[in-house]
Amino acid sequence: MKDLKFKMAYTTDLIIFGIDSRKTKNARSLPEKHLSILLVKRDKEPFNNMWCLPGGFVNLNETSKEASLRVLTKETNLTNVYMQELKVSDEILRDPRGRVISVSYMSLIDRTKITEELRKEASWFDVKVEEKKDKISIVLSNEIDKVKYEVLRKAIDAKSDEYEYTICTENSLAFDHSKLIVESLMELRNKVNNTDIVFNLMPESFTIGELKQVYELLLNKKLINSAFRRVIKDKVTLTNEIVKTGGHRPSILCKYKENNY
C-alpha cells in the first residue's frame, strides 16, 4: 500500500436487477422471463478489463443513497425506482488501493422502461443459480462473456436464517462483487417470500402466468398453479384488458393492488 492516494475512501456499489421477456422457438409457448443484472467493465487498474457492479465514490455533499441514485440514473436514465440498502462492506483488504468502505444498495427495475442504450462499458448479464445443499453455483452471461463461480453457504446461527457466503473459486469479478451478488440474490429471495417486492420488476400490466414465471425465477423453483394463485389473490386486481400470447387462449391482464393490507 505504498502508493496510496488516500487514507480511507467511502464508496457505493449498486446491484441492479431487471426482468425481460424473450420469445421461444416454439410459437405456441409463452415468452420466457429472464432475470438479469447490470455489470460494468473496468477500464483501469485495479482489476482492469474485469466486470464489476456499477458504483463509485461518494461525494462530500451527498449520502451513500444519493450517490447510488446518481449512479442508477447515469446507467439506466431511470429515477423513482425501488432501492434498498443491502450491507456495509468494510473488510480491510477488500480493495488493493487501500482502505475502502462501501455501502451497497439493491435496485429492482422494469427493463421495459429503459428507452436509451446502455453505455458501451455496461451490459446486462443473465443470472442462473444452481443450488446443491450448501453449495451455490452462479453463472452470469451475455452474448459474449460468461462469469461463473461457486459459493459455499454456511449458517451463522442455527436459530436464525442468517448465512455467511464464501467464494470457492478464483475472483471472477472485480473487488468483492461476486459475494455481493449472491448476498443480494438471497436477500431478494427472502423479500419475495415475505413482501410484495416482486412487483417492482413487473410492468404496470401483466398476466398471472408472467408473474408466476418471475416468482419462479427469483425463488429458483417451480410453483404449483393453485398454490401460487392463493398466494397472489389479494395482491393483484383484474383489469378489463385481454392479451393473446403464443398459441394459448387469451389471458386477462392484472395490475398490482396498491394498499392491499
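Definitions and limits used
Residues numbered from 1 in each chain as written. Predicted model: local features only at pLDDT ≥ 70, side-chain atom pairs only at ≥ 80, totals over all residues. Heavy atoms only, no water. Axes fitted to C-alpha atoms, helices over the stretch in contact; angles between N-to-C directions. Helix = DSSP H or I, 4+ residues; strand = E, 2+ residues; numbered from the N terminus. Parallel < 35°, antiparallel > 145°, perpendicular 65-115°, else oblique. Contact = heavy atoms within 4.5 Å. Nonpolar A, V, L, I, M, F, W, Y, C, P; charged D, E, K, R; others polar. pLDDT = per-residue confidence, 0-100. Salt bridge = Lys/Arg side-chain N within 4 Å of Asp/Glu carboxyl O. Buried < 20%, exposed > 50% of the residue type's maximum accessible area, 1.4 Å probe, protein only. Phe/Tyr/Trp six-rings, centres within 6.5 Å; stacked < 30°, edge-to-face > 60°. Lys NZ or Arg CZ within 6 Å of the ring centre and 35° of its normal. Core = buried A, V, L, I, M, F, W, Y, C linked by side-chain atoms within 4.5 Å. Pairing = 2+ DSSP bridges.

**Remarks on the packing of helix H3 (residues 208-219) against helix H4 (residues 225-232)**
Then step 1. In the contact formed by H3 and H4, the axes pass within 11 Å of each other and the chain directions differ by 95 degrees. Comparing the axis directions of H3 and H4 gives the class roughly perpendicular. Every residue of H4 that contacts H3 at Ile-208, Leu-211, Lys-212 and Tyr-215 is listed here: Asn-225, Phe-228, Arg-229 and Ile-232.
Then step 2. Along the lines of polarity and charge, the residues of the contact of H3 with H4 split into 5 nonpolar, 1 polar and 2 charged.

**Considerations on the confidence of the model for the chain**
Then step 1. In the predicted model, the chain carries a mean pLDDT of 92, and the fraction of residues at 70 or more is 94%.
Then step 2. Within the chain, no element has a lower average pLDDT than strand E11 (residues 236-243), which sits at 92, and none a higher one than strand E3 (residues 51-52), at 98.

**Digging into the pattern of salt bridges**
Then step 1. For the structure on display, the rule yields 20 salt bridges.
Then step 2. Close ionic contact of Asp-95 with Arg-97 constitutes a salt bridge, the shortest N to O distance being 2.7 Å.
Then step 3. For Arg-97, a relative accessible area of 27% puts it in the partly exposed group.
Then step 4. A cluster of three or more residues bridged by salt bridges with shared partners is formed by Asp-20, Arg-22, Arg-111 and Asp-126.

**Topic: the packing of aromatic side chains**
Then step 1. Evaluation of the coordinates by the stated rule reveals 5 aromatic pairs.
Then step 2. With 5.9 Å between their ring centres and 45 degrees between their planes, Phe-199 and Phe-206 make a pair best called tilted.
Then step 3. On the accessibility criterion, Phe-199 (10% relative accessible area) is buried.
Then step 4. Exposure remark for Phe-206: the relative accessible area of 1% places this residue in the buried category.
Then step 5. Three or more aromatic residues joined by ring pairs form one cluster here, namely Phe-199, Phe-206 and Tyr-256.
Then step 6. A cation over a ring is seen here: Arg-153 above Tyr-163, with NZ or CZ 5.8 Å from the ring centre.

**What to know about the nonpolar core**
Then step 1. Formed by 46 residues in total, the largest nonpolar core has its most connected members in Ile-37, Leu-140, Leu-211 and Tyr-215.
Then step 2. Top contributing element to this core by residue count: helix H2 (residues 177-194), with 7 residues.
Then step 3. Apart from residues no more than four positions distant in its own chain, Ile-37 is found in contact with Ile-15, Ile-16, Phe-17, Leu-53, Ser-123, Trp-124, Phe-125, Val-127, Leu-140 and Ile-181.
Then step 4. In terms of nonpolar packing, the next biggest core, distinct from the first, is built from 14 residues, Ile-16, Val-71, Met-83 and Ile-109 among them.

**Side note on the pairing of strand E2 (residues 32-41)**
Each regular strand carries side chains that alternate between the two faces of the sheet.
Then step 1. Counted residue by residue, E2 has 8 buried out of 10 residues, so it is predominantly covered.
Then step 2. As judged from the 6 bridges shared by strand E1 (residues 9-22) and E2, these two strands associate in the antiparallel manner. When the sheet's bridge partners are listed, Ile-19 is paired in E2 with Leu-35.
Then step 3. Examined bridge by bridge, E2 and strand E7 (residues 122-132) share 5 bridges and lie antiparallel to one another.

**Structural notes on unusual backbone geometry**
Then step 1. Following Glu-45, the chain continues to Pro-46 via a peptide bond in cis, the omega torsion being 0 degrees.
Then step 2. Here Pro-46 is to be found in the loop between E2 and E3.
Then step 3. One non-glycine residue, Phe-175, adopts positive backbone phi at about 55 degrees.
Then step 4. For Phe-175, the position within the fold is in the loop between strand E10 (163-167) and H2.

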